[in-house]
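Each chain, written out:
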Amino acid sequence: SLVDFATNTPLQDECVTHVPIEIVSELLVEESLWSSRASSEELINIIAPLLDNYPPTPEMCHFFSSHCVSHPRSPIVVDKLTPIAHRILKHNVDFSKSQHMRHFVQDYIRALFSQNAGDTVIKKFVASVHGPGSGCPHPRVLPNLVAVCLAAIFANFEERRTLASINEMPNSEKDLGEGMFLYASEYEDWRPVLAQLLQPIPFPSDALAHEAFIRSFMPVIERIGTDSRCSSHQMVQAVRKGKEGWFHIYCPSSPVCTDEGQTWGHMLTTLLHCCCRCKWFLSQLTKKQLGACLLLALRGHLAAQEALCLMLEWELIEQEDQKMQLVSTLQSTPSGRENYTALCQRQLHLRELQQKGGPRKLTLPSRSTDADIARLLSCGSFGNLEVLSLAFTHVTSACAEQLIKLPSLKYLNLWATQFGDVGLLMISEHLHKLQVLNLCETPVSDKGISALCSMTSLRKLNLNSTKLSAQTFELLKQKLPSLQEFDVRYTEAW
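Being a predicted model, the structure only gives us computed values, none of them experimental.

**Some remarks on a nonpolar patch on the surface**
A cluster of nonpolar side chains, L2, F5, L11, V19, I23 and L27, forms an exposed patch at the surface whose accessible area comes to about 520 Å². Listing elements by their share of the nonpolar patch, those giving two or more residues are α1 (2–8) and α2 (15–28). No other element matches the 3 residues that α2 contributes to the nonpolar patch. Checked against the element boundaries, V19 lands in helix α2.

**Observations concerning the environment of W246**
Residue position: W246 is located in helix α15 (residues 246–249). Since its relative accessible area comes to 2%, W246 is described here as buried. Considered as a pair, W246 and L409 are 163 residues apart in the sequence and their alpha carbons are 38 Å apart. Once residues within four sequence positions are removed from consideration, W246 is found in contact with L198, Q199, I201, F203, L208, F217, I221, M235, V236 and M267.

**Brief notes about the environment of F486**
Looking at the element boundaries, F486 is found in strand β6 (residues 485–487). Placed 197 residues apart in sequence, F486 and Q289 show a C-alpha to C-alpha distance of 32 Å. With residues near it in sequence (within four places) discarded, F486 still touches L461, F473 and K477.

**Some remarks on the packing of helix α11 (residues 191–198) against helix α13 (residues 211–225)**
Relative orientation of the contacting elements α11 and α13 amounts to 115 degrees, with a least axis distance of 10 Å. The hand of the α11/α13 crossing is left-handed. In contact with R191, L194, A195 and L198 of α11, α13 contributes F217, V220, R223 and I224. Grouping the amino acids of the contact of α11 with α13 by side-chain chemistry returns 6 nonpolar, no polar and 2 charged.

**A closer look at unusual backbone geometry**
Positive phi outside glycine occurs at I201, with the angle close to 55 degrees. Residue placement: I201 occurs in the loop between α11 and α12 (205–208). We classify I201 as buried; its relative accessible area is 12%. Phi is positive for E441, which is not a glycine, with a value near 60 degrees. Residue position: E441 is located in the loop between β4 (436–438) and α26 (446–449).

**Regarding the pattern of salt bridges**
On inspection of all chains with the given rule, the structure shows 15 salt bridges. In this structure, R215 and E211 form a salt bridge, with 2.6 Å as the shortest nitrogen-oxygen distance. Taken as a pair, R215 and E211 lie in helix α13 at a separation of 4 residues, close to a single helical turn. With its nearest N and O atoms 2.2 Å apart, the salt bridge here joins E306 to R277. Of this pair, E306 sits in helix α19 (residues 302–313) while R277 sits in the loop between α16 (262–273) and α17 (279–288), and the two are 29 residues apart along the sequence. The partly exposed category is assigned to R277, whose relative accessible area is 44%.

**With respect to the sheet that holds strand β3 (residues 411–413)**
The pairing of strands in a sheet comes from backbone hydrogen bonds and takes either a parallel or an antiparallel form. Strand order in this open sheet of 6 strands is β1-β2-β3-β4-β5-β6, and the pairing throughout is parallel. Here the strands that pair on one side only, and so sit at the sheet edges, are β1 (361–363) and β6. Going from strand to strand, the sheet's axes swing by 5 degrees on average, the running direction of each strand aside. In this sheet, β3 lies alongside strand β2 (residues 387–389) in parallel orientation, the contact comprising 3 bridges. Paired with V387 across the bridge in β3 is Y411.

**Examining helix α9 (residues 141–165)**
Compared with an ideal rise of 1.5 Å per residue, which puts 25 residues at 36 Å, α9 spans 36 Å between its outermost C-alpha atoms and is within 8% of the ideal. N167 occupies a position one or two residues after α9 and carries a positive phi of about 60 degrees.

**Structural notes on the packing of aromatic side chains**
Aromatic ring pairs are defined here through the distance separating the ring centres and the angle between the ring planes. Counted according to the given criterion, the structure contains 19 aromatic pairs. Measuring from centroid to centroid gives 6.0 Å for W246 and Y250, while their planes differ by 20 degrees, and the two rings are stacked. Using a relative accessible area of 0% as the deciding quantity, one classes Y250 as buried. A cation over an aromatic ring shows up here: R160 above the ring of F157, its NZ or CZ 5.5 Å from the ring centre.

**A look at the packing of α19 against helix α21 (residues 334–346)**
Packing of α19 against α21 brings their axes to within 10 Å, and their N-to-C directions diverge by 25 degrees. On the basis of their axis angle, the class for α19 and α21 is roughly parallel. Pair α19 / α21 crosses with right-handed handedness. Counting all contacts with α19, which are made through L302, Q305, C309, L312 and E313, the residues of α21 involved are S335, G336, N339, Y340, L343 and R346. Partitioning the contact of α19 with α21 into residue classes produces 5 nonpolar, 4 polar and 2 charged.

**Regarding the nonpolar core**
With 106 residues, the main nonpolar core has F104, F181, F203 and W246 as its most contacted residues. The biggest single contributor to this core is α9, with 9 residues. If sequence neighbours within four positions are ignored, F203 has contacts with L150, I153, F154, F181, L198, L208, F213, F217 and W246. Of all hydrophobic cores here, the second largest spans 40 residues; its members include I449, L463, L468 and A493.

**Some remarks on helix α27 (residues 470–479)**
Within an α-helix, residues lying three or four positions from one another point in the same direction, as the helix has 3.6 residues per turn. All of the buried residues in α27 are T472, F473 and L476. Axial view of α27: buried residues confined to an arc of 100 degrees, hence all on one face. Set apart from the buried face of α27 by more than 90 degrees, the exposed residues are Q471 and Q478. Buried-residue contacts for α27 involve α26, β5 (460–462) and β6.

Rules used throughout
- Residues numbered from 1 in each chain as written.
- Predicted model: local features only at pLDDT ≥ 70, side-chain atom pairs only at ≥ 80, totals over all residues.
- Heavy atoms only, no water.
- Patch = residues over 30% accessible without salt bridge, like charges linked within 9 Å, V, L, I, M, F, W, Y side chains within 5 Å.
- Areas by Shrake-Rupley, 256 points an atom, 1.4 Å probe, with all protein chains shown as cover.
- Salt bridge = Lys/Arg side-chain N within 4 Å of Asp/Glu carboxyl O.
- Helix = DSSP H or I, 4+ residues; strand = E, 2+ residues; numbered from the N terminus.
- Buried < 20%, exposed > 50% of the residue type's maximum accessible area, 1.4 Å probe, protein only.
- Contact = heavy atoms within 4.5 Å.
- Axes fitted to C-alpha atoms, helices over the stretch in contact; angles between N-to-C directions.
- Left-handed = near helix turned anticlockwise from the far one by under 90°.
- Nonpolar A, V, L, I, M, F, W, Y, C, P; charged D, E, K, R; others polar.
- Pairing = 2+ DSSP bridges.
- Expected span 1.5 Å × (residues − 1).
- Phe/Tyr/Trp six-rings, centres within 6.5 Å; stacked < 30°, edge-to-face > 60°.
- Lys NZ or Arg CZ within 6 Å of the ring centre and 35° of its normal.
- Parallel < 35°, antiparallel > 145°, perpendicular 65-115°, else oblique.
- Core = buried A, V, L, I, M, F, W, Y, C linked by side-chain atoms within 4.5 Å.
- Arc of directions from axis to C-beta.

This is a description of form; function is not addressed.
Next comes the structure, spelled out in structure tokens:
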């Protein structure tokens, strides 16, 4: 009756509403009175009208949070608590001083995830706080929403660390808060602000190492990185020199990249065709992400091929062998050959470079596959190639069919690949000039290793962390008189 009077009386006095709010807040201290779901829902139904124009007190926020945690699928959560959450997000709230409001909105969002068709419920909630128009009329909604979601993500991973310390698994993989960012990024008017808020990568380090989180967050960054406005897509770069940005995190050579560099390629296309077709940007690519450009260019990505052409045209590559690798990569696909031919017509010195007969040194970017090697080595002359590094790529024994076509090869690095006995048997029959061979952390065993006895030119051999036996190692020392250095740590022969 008191609430009805406060909401319906024509009296214009703040005390009319403040008094019942204070009474309710004092009653909420007695938690035992509202422990059951029925009494909790009844009280929320009664006091909800009081909060149409007034913020909830700390006691109310604690009560609402408890209800969201204890009864997340209660219909009261969506029907009665949504307007309260709306009002908090739409006003200028300092969550550092009003943590009770942030905790309530955070628990409210968790409860929305728990509803049937939780993704749809979350999408409707984001649409409701944005508004039906093309522009959101409330400038504080997005920053407040981002602050709540970041707090939820930090709390989630803090809980994961706690559970991991006692050898327990988290109950859910989904409640990470990234769904809110996904639906918020759909609105064009929000995207520049969202991009600016996310540019410093404000997430805990274990979130960036969490594959499910990175994969689910990828569409958000792709929308930002491919937005036509510079105020959005420039935000995928580092916030300042020496830091990493989203453009670095989703790079194909990054350990957290899960889409073979597709998102990174889309961002590269936008940056290169808009505001970053400049020498500084290309020089940064050359220093830090040249391998990613080579890998995508090898797979026919037009923007990556364009970047390689610009690196050659603007003379950003100093080493001759590295230049030859760029040329060989461009010539491995029809589109690359077309771009390189056009470049040569403008740059006479590149024609001279092409006539030198191929590089002597070649390093393939990490995550290259057998198909990538076949595509590259079949595009031109590699008769002079002496040094080849395939370390940390995804190659297998199948690439041996390409390696045996390199008669001058003296150095071969297969560290941490899936190159096995079948490939080792093949190269031992053909690569007789090989002097240095690195098989560290490969699945080779005595069957393939014993075949190395025919490679009498070997001077250095790394068999660290392989299935080498002591007997086979003694045989190698007898059969390979030129062997000067070897590494057999973490094997039976150690």
